[in-house]
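A look at the structure
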Amino acid sequence: MAPAQKSFGSVLKDSTNPMFKSKYASLEAVLDAVRQPLLDAGLLLLQPTFDNGERDEKGAPRCACIKTVIIHAESGETMEVITTIPVSKSDAQGYGSALTYARRYALMGILGLAPEDDDGNAAVKTPVTQQRSNSGSRTQQASTDSKPKKPTVEDALKRVQEMEPSKLEFAIKWVEANFTGKDLTILKEAIEKKKA
């Protein structure tokens, strides 16, 4: 986990809650910050939902329940946390909101993340950090607004081709968690071809 944590990007508060006029980090912002570093470290992230059986008088779920699981591909070791969030409205919108909230906070908790206030940095006019390059004399500006890239089909195909056969089961789980439709089909076919 340590190599992945060293590589996590900043989790920016990229969304606004209109009710409270406050900013928060969306689930997408959290996933953007961790997806690639987890993959690079051989870690698979899963967040399946489950039903704890609690119902209101209309039979609707009282809670949104998420099990956040991180699997180390090589060893098979897992780390998990269960998060249960009350559903505020007994409809699809209320349930979906509670699920998203549970996923976001469970992910930040298990990975030790805290959102960064992107407009707070601008308000105090913090200068852009300069870092020395390996040559020692040149400097490079650290970008304050760059997000880690979402995985692309091309990147995933390249990784599949470079992957050891023992890690292909991990690759299948990872592509199923990160791709859909035609992209998922292309990647699964490439993995099956690599297995053969």
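As a reminder, the structure under discussion sits directly above these lines.
In this report, we go over the structure that sits alongside the text. Just so it is clear, the structure is predicted and the values come from calculations on it, not from any experiment. (Residues numbered from 1 in each chain as written. Predicted model: local features only at pLDDT ≥ 70, side-chain atom pairs only at ≥ 80, totals over all residues. Heavy atoms only, no water.)

**Some points on the overall build of the protein**
A count of helices and strands for the protein gives 7 helices and 8 strands. Residues counted as buried form 32% of the 196 residues belonging to the protein. Counting contacts in the protein only where the partners sit at least 6 residues apart, residues at least 24 apart contribute 54% of the total. If you sum the accessible surface of the protein, you get close to 12,300 Å²; carbon and sulfur atoms cover 50% of it. (Helix = DSSP H or I, 4+ residues; strand = E, 2+ residues; numbered from the N terminus. Buried < 20%, exposed > 50% of the residue type's maximum accessible area, 1.4 Å probe, protein only. Contact = heavy atoms within 4.5 Å. Areas by Shrake-Rupley, 256 points an atom, 1.4 Å probe, with all protein chains shown as cover.)

**Some thoughts on the packing of helix α5 (residues 153–162) against helix α7 (residues 181–195)**
To characterise two packed helices, one gives the angle between the axes of the helices and the distance between these axes. For the pair α5 and α7, interaxial distance at closest approach is 10 Å and the crossing angle is 10 degrees. Comparing their axes, α7 and α5 come out roughly parallel. Within the contact between the two elements, α5 uses Val153, Ala156, Leu157, Val160 and Gln161 and α7 uses Asp183, Ile186, Leu187, Ala190, Ile191 and Lys194. (Axes fitted to C-alpha atoms, helices over the stretch in contact; angles between N-to-C directions. Parallel < 35°, antiparallel > 145°, perpendicular 65-115°, else oblique.)

**What about the packing of helix α2 (residues 27–40) against helix α3 (residues 92–111)?**
Axis separation between α2 and α3 bottoms out at 10 Å; the angle between their running directions is 40 degrees. With respect to α3, the element α2 is oriented oblique. As α2 runs across α3, the sense of the crossing is left-handed. Contacts between α2 and α3 pair Leu27, Val30, Leu31, Val34 and Leu38 from the former with Thr100, Arg103, Arg104, Leu107, Met108 and Leu111 from the latter. Taken together, the residues that form the contact of α2 with α3 break down as 8 nonpolar, 1 polar and 2 charged. (Left-handed = near helix turned anticlockwise from the far one by under 90°. Nonpolar A, V, L, I, M, F, W, Y, C, P; charged D, E, K, R; others polar.)

**Brief notes about the environment of proline 37**
Along the polypeptide, proline 37 turns up in helix α2. Residue classification places proline 37 among the buried residues on the basis of a relative accessible area of 7%. Along the sequence, proline 37 and phenylalanine 8 sit 29 residues apart, while their C-alpha atoms lie 6.0 Å from each other.

**Let's talk about the nonpolar core**
One finds Leu44, Ala156, Trp174, Val175, Phe179, Leu187 and Ile191 to be the most contacted residues of the largest nonpolar core, which totals 19 residues. Elements that contribute at least two residues to this core include exactly β5 (63–72), α5, α6 (168–178) and α7. Counting residues per element, this core draws most heavily on α6, at 6 residues. Apart from the residues within four sequence positions on either side, valine 175 is in contact with Leu184, Leu187, Lys188 and Ile191. In this structure, Ala33, Leu45, Leu107 and Met108 belong to the second largest nonpolar core, which totals 17 residues. (Core = buried A, V, L, I, M, F, W, Y, C linked by side-chain atoms within 4.5 Å.)

**A short note on the layout of surface pockets**
Size it by volume and the second largest pocket reaches roughly 370 Å³. In this structure, the second largest pocket is lined by 16 residues; those nearest its centre are Asn17, Tyr24, Ser97, Tyr101 and Arg104. Listing elements by their share of the lining of the second largest pocket, those giving two or more residues are β1 (15–17) and α3. With 7 residues, α3 is the largest single contributor of residues to the lining of the second largest pocket. Tallied by class, residues from the lining of the second largest pocket come to 6 nonpolar, 8 polar and 2 charged. (1 Å grid on protein atoms, 1.4 Å probe; cavity = no way out; pocket = protein on both sides within 12 Å on 5 of 7 lines; lining within 4 Å. Points joined across faces, edges and corners; volume = space filled by probe spheres on them.)

**Looking at the pattern of salt bridges**
Close approach of charged atoms lets side chains of opposite charge pair. In total, this model carries 4 salt bridges according to the counting rule given. Notably, a salt bridge pairs lysine 67 with glutamate 80, separated by 3.6 Å at the nearest N-O pair. Of the two residues, lysine 67 sits in strand β5 while glutamate 80 sits in strand β6 (residues 78–86), which places them 13 residues apart along the sequence. Looking at lysine 67, the relative accessible area reads 28%, which means it is partly exposed. Linking glutamate 192 and lysine 195 is a salt bridge whose minimum nitrogen-to-oxygen distance equals 3.6 Å. (Salt bridge = Lys/Arg side-chain N within 4 Å of Asp/Glu carboxyl O.)

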